[in-house]
Amino acid sequence: METFFSTPILDQESSALLKTISEHGGYAYVSMVAQAVAGDTRAAEAAREMAWEQLHSGPWHSVLPVWRDAYSMACLHVATHHCRSGEFKEALRVLDMGVIMGGPLLRKDLDSAIEKVSFRARGEGENDERSGASSESRRRLVSEEEFDKAELLRILPNKSLSCKIVVKRSALSLEGFLREYFLPGSPVIITDCMAHWPARTKWNDIDYLEKVAGDRTVPVEVGKNYLCPEWKQELIPFSQFLERIQSTGKSSNVPTYLAQHPLFDQINELRKDICVPDYCFAAGGELRSLNAWFGPAGTVTPLHHDPHHNILAQVVGKKYIRLYPASLSEELYPYTETMLWNSSQVDLDHIDETQFPKVNGLEFFDCILNEGEMIYIPPKWWHYVRSLSISLSVSFWWGSNAGSSTSS
């Protein structure tokens, strides 16, 4: 029987992992895996379903780590069966689920399998694809668009672009960044530092994005923002995500947003298209998080702050960003709930002056972040972000303390 990908870690760790799963009551799972190894496709699917149920048996932090590894194991077995049936796109979808929901033990096996299966999955649609599209016939994700300031101000929060505009610096030296912005803790927009990124041209090409990522499964947010009751999360193919962001109107109430997702750990081809800015190693720091923020016009990240130094790089499209210094935290009415401690109760798009009387008198910095620019946001600075067009952005968090939160 043909082997489409190897699983050296699974082969080595399988016995020990199954023993641990048995010790936590997973006898039926172990039985299904044994049948899956013997060639039973239904047993492989059953094992994956059992692990999935365990992952959803309570809050994520309470899920036993062994069940995340069990889910990865089952995904590898299910993907193997799909490959043997020539169902490479389905195998790729299952492997992506293993990456997104599974544990760390078998991650290298999953990554290796994805690399091999991706090649075969692309081959399935080769006859339907256009070959050798010229630069003139490229399908662009975002066209050059000039914004009328009066029209822009109608959709932005009150007083936008009327206070302090974030300073712009061209090709700012590392020494200048450290002395003038990093140490004082001040925001700055840095221009002319991304021209060498392949992403600057490739990510505005719909055919390229569909080729390298179209068949991959990604988690997206659906709804205005994470503070709204109708907000939800979905897992969809990247090609479907691209269709949604192209069809979402500026006034849509249900935008789909790929937000704060480690997409570049999942899709290596996209990781090769970007570079970590030298600024992220300022003062001996190290990169803590590298996330994608892809979405249509109108996506909003509510006013919040983060624990790390942050560079947000605008690869495709434009964003409006408003910032308040950390010293104004009390006046911005942060939530008292543990999960939302870094978010403001104030909706800048519809400020309730009776409930939040201090906000309107506060000074702030803001800007339009253009394609090819990156902005430095110091730790604890409050920021609100709105996409003015289809937008593909990358955030780089760095610092000396680990942590996670919501960002741009």
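Right, let's walk through the structure included here. Treat the numbers as computed from the prediction; the structure is a model and nothing was measured.

**Quick look at the side chain of His81**
In step 1: Structurally, His81 is set in helix α4 (residues 65-84).
In step 2: A relative accessible area of 8% places His81 in the buried class.
In step 3: A distance of 3.4 Å separates polar atoms of two side chains, one belonging to His81 and the other to Thr41.

**Observations regarding helix α11 (residues 238-247)**
In step 1: Residues of α11 that are buried: Phe238, Phe241, Leu242 and Ile245. Buried residues of α11 fall within an arc of 100° about the axis and therefore sit on the same side. Exposed residues on α11 whose side chains face more than 90 degrees from its buried face are Glu243 and Ser247.
In step 2: Buried residues along α11 sit against α10 (206-213), β4 (217-222), β5 (232-237), β6 (256-261) and β7 (286-295).

**Some details on the packing of α4 against helix α5 (residues 88-101)**
In step 1: Orientation of α4 relative to α5, taken along the N-to-C sense of each, is 170°, at an axis distance of 8 Å. In terms of axis orientation, α4 runs roughly antiparallel to α5. Residues Arg68, Tyr71, Ser72, Cys75, Leu76, Val78, Ala79, His82 and Cys83 of α4 form the contact with α5, whose participating residues are Phe88, Glu90, Ala91, Val94, Leu95, Met97, Gly98 and Met101.
In step 2: The residue inventory of the contact of α4 with α5, partitioned by class, reads 12 nonpolar, 3 polar and 2 charged.

**Here we look at unusual backbone geometry**
In step 1: At Lys159, a residue that is not glycine, the phi angle is positive and equals roughly 70°.
In step 2: Among the residues examined, Lys159 registers a relative accessible area of 40% and is labelled partly exposed.
In step 3: The backbone of Leu161 shows a phi angle near 60°, a positive value even though the residue is not glycine.
In step 4: Here Leu161 shows up in the loop between α7 (149-155) and β1 (164-165).

**Some points on empty space enclosed by the protein**
In step 1: For the structure shown, the criterion picks out 2 cavities of 30 Å³ or more.
In step 2: The calculated volume of the largest cavity comes to roughly 50 Å³.
In step 3: Sorting the residues of the lining of the largest cavity by element identifies α6 (107-124) and α10 as the ones contributing at least two each.
In step 4: With 4 residues, α10 is the single largest residue contributor to the lining of the largest cavity.
In step 5: Looking at the lining of the largest cavity residue by residue, the class counts come to 4 nonpolar, 2 polar and 5 charged.
In step 6: When its volume is computed, the second largest cavity comes out at roughly 40 Å³.

Definitions and cut-offs
- Residues numbered from 1 in each chain as written.
- Predicted model: local features only at pLDDT ≥ 70, side-chain atom pairs only at ≥ 80, totals over all residues.
- Heavy atoms only, no water.
- Helix = DSSP H or I, 4+ residues; strand = E, 2+ residues; numbered from the N terminus.
- Buried < 20%, exposed > 50% of the residue type's maximum accessible area, 1.4 Å probe, protein only.
- Polar contact = N/O pair within 3.5 Å; in protein donor to acceptor, adjacent residues only side chain to side chain.
- Arc of directions from axis to C-beta.
- Contact = heavy atoms within 4.5 Å.
- Axes fitted to C-alpha atoms, helices over the stretch in contact; angles between N-to-C directions.
- Parallel < 35°, antiparallel > 145°, perpendicular 65-115°, else oblique.
- Nonpolar A, V, L, I, M, F, W, Y, C, P; charged D, E, K, R; others polar.
- 1 Å grid on protein atoms, 1.4 Å probe; cavity = no way out; pocket = protein on both sides within 12 Å on 5 of 7 lines; lining within 4 Å.
- Points joined across faces, edges and corners; volume = space filled by probe spheres on them.

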